[in-house]
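Structural overview for review
Okay, here's what each chain looks like letter by letter:
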Amino acid sequence: MKEVMAFIRLNKVNQTKSALAENGFPAFTCRKVLGRGKKSVDFSLVENILQEGELPLSPLGEHLTESTRLIPKRVITLIVEDDQVEKAVETIIRANQTGNKGDGKIFVLPVQENYQIRTGEVAVDAY
Amino acid sequence: MLMIRSIIRPEKVNTVLTELMLAGFPAVTKMDVYGRGKQKGVKVGDVFYDEIPKEMLLMVVNDEDKDDVIKIIMRNARTGEKGQFGDGRIFVSPVLEAYTISTGKKGL
């Protein structure tokens with residue numbers, strides 16, 4: 001069993017949802033997160049703009065200059081069987097790929113056991 | 001590859017994120033979490049708080065960067081010199097595969 005964690009754009013959640021359902025992965029968890037990626041923002045540029053007065057000195061402008069600026073994302077977590085990992089990853093990539101930076105990342109983590117709370121048993125198909 | 005999940009105080013998040021950026025680890029995900037630790041929460045007077053707000057920082061790094069990242073988080077998330085109860089925890093778990101969606105390539 002594997003856990004597939006995908007960090008995706010906000011506006012791609014619905015497409016991903018239907019794509020996953022079509023390919024036989026109806027069960028997943030989604031949550032709101034904030035994050036940043038490898039692409040570092042050059043904050044001196046933002047400061048220059050602010051000093052030249054092109055951007056209004058609003059709370060938003062101040063927010064932009066913060067060095068720890070984070071971008072809102074959604075993280076989708078699904079548990080799949082070992083032989084289904086490839087299919088799940090492919091489905092998510094196909095639904096989310098725009099070719100631009102910021103499309104997101106997918107991580108595959110191992111899962112040792114899973115239990116179904118309703119029956120209290122170690123269920124093979126609890127996901 | 002390893003996933004480092006650190007649960008830290010919300011007021012320390014900015015310092016930790018800035019230090020990580022300066023050290024060359026820009027990629028981080030942050031989420032709001034609520035929880036309690038070994039001390040069973042906090043008792044203020046007669047009121048017991050056991051859902052304490054914390055922030056979870058999640059990052060995936062190469063094996064050789066693990067110690068650096070943990071050191072940075074440890075140093076910056078502490079309260080005072082010796083640290084206090086409630087400063088948080090760091091968990092490390094293995095990651096088998098990583099994909100970049102924009103290129104479809106494998107790896108970090």
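On a predicted model such as this, the values are computed, not experimentally measured, just so you know.

1. As for the overall build of chain A
- Counting secondary structure elements, chain A contains four helices and four strands.
- Reading the helices (α) and strands (β) of chain A from amino to carboxyl end gives β-α-β-α-α-β-α-β.
- Considering only contacts in chain A between residues 6 or more positions apart, those separated by 24 or more positions represent 77%.

2. Looking at the pairing of strand 2 (residues 28-35) of chain B
- Pairing between strand 2 (residues 29-36) of chain A and strand 2 of chain B: three bridges, direction antiparallel. Of the residues in strand 2 of chain B, the one forming a bridge with A:Gly35 is B:Thr29.
- As judged from the seven bridges shared by strand 2 of chain B and strand 5 (residues 52-61) of chain B, these two strands associate in the antiparallel manner. When the sheet's bridge partners are listed, B:Tyr34 is paired in strand 5 of chain B with B:Pro53.

3. Points about the interface of chain B and chain A
- Across the contact, 23 residues belong to chain B and 29 residues belong to chain A.
- Mapped by element, the contributors of at least two residues to the side of chain B that touches chain A are helix 1 (13-22), strand 2, strand 6 (88-94) and strand 7 (97-100) of chain B.
- Split by residue class, the side of chain B that touches chain A holds 14 nonpolar, seven polar and two charged.

4. Here's the deal with the nonpolar core
- Counting residues in each nonpolar core, the largest one holds 36 residues, and the members touching the most others are A:Val4, A:Ala6, A:Ile106, B:Val16 and B:Met59.
- Where this core is concerned, the elements lending two or more residues are strand 1 (2-8), strand 3 (71-80), helix 4 (85-96) and strand 4 (105-110) of chain A together with strand 1 (2-8), helix 1, strand 5 and helix 2 (66-77) of chain B.
- Excluding residues within four positions of it along the chain, B:Met59 makes contact with B:Ile4, B:Phe25, B:Ala27, B:Val28 and B:Val69.

5. Side note on the sheet that holds strand 2 of chain B
- Ordered in space as 6(B)-1(B)-5(B)-2(B)-2(A)-3(A)-1(A)-4(A)-7(B), the nine strands form an open sheet in which the pairing is antiparallel. Among the strands making up the open sheet, the edge pair consists of strand 6 and strand 7 of chain B. Along the sheet, successive strands turn relative to each other by an average axial angle of 25°, direction set aside.
- By the bridge criterion, six bridges tie strand 1 of chain A to strand 4 of chain A in an arrangement that is antiparallel.

6. Some details on helix 1 of chain B
Residues and elements named next belong to chain B.
- Of the positions making up helix 1, those classed as buried are Val13, Val16, Leu17 and Leu20. All buried residues of helix 1 fall inside an arc of 95° around its axis, so they share one side.
- Those residues of helix 1 that are buried lie in contact with strand 1, strand 2, strand 5 and helix 2.
- Of the residues flanking the end of helix 1, it is glycine 24, one or two places downstream, whose phi is positive at about 90°.

7. Some words on the environment of A:Gln97
- Its place among the elements puts A:Gln97 in the loop between helix 4 and strand 4.
- Considering only alpha carbons, one finds A:Gln97 and A:Leu20, 77 residues apart in sequence, at a separation of 14 Å.
- Not counting residues within four places of it along the chain, the set of residues in contact with A:Gln97 comprises A:Asp103, B:Ile101, B:Ser102 and B:Gly104.

Conventions and cut-offs
Residues numbered from 1 in each chain as written. Chains lettered and ligands numbered in written order. Predicted model: local features only at pLDDT ≥ 70, side-chain atom pairs only at ≥ 80, totals over all residues. Helix = DSSP H or I, 4+ residues; strand = E, 2+ residues; numbered from the N terminus. Contact = placed C-beta atoms within 7 Å. Pairing = 2+ DSSP bridges. Nonpolar A, V, L, I, M, F, W, Y, C, P; charged D, E, K, R; others polar. Core = buried A, V, L, I, M, F, W, Y, C linked by C-beta atoms within 7 Å. Buried ≥ 20, exposed ≤ 12 C-beta atoms within 10 Å, placed from the backbone. Axes fitted to C-alpha atoms, helices over the stretch in contact; angles between N-to-C directions. Arc of directions from axis to C-beta.

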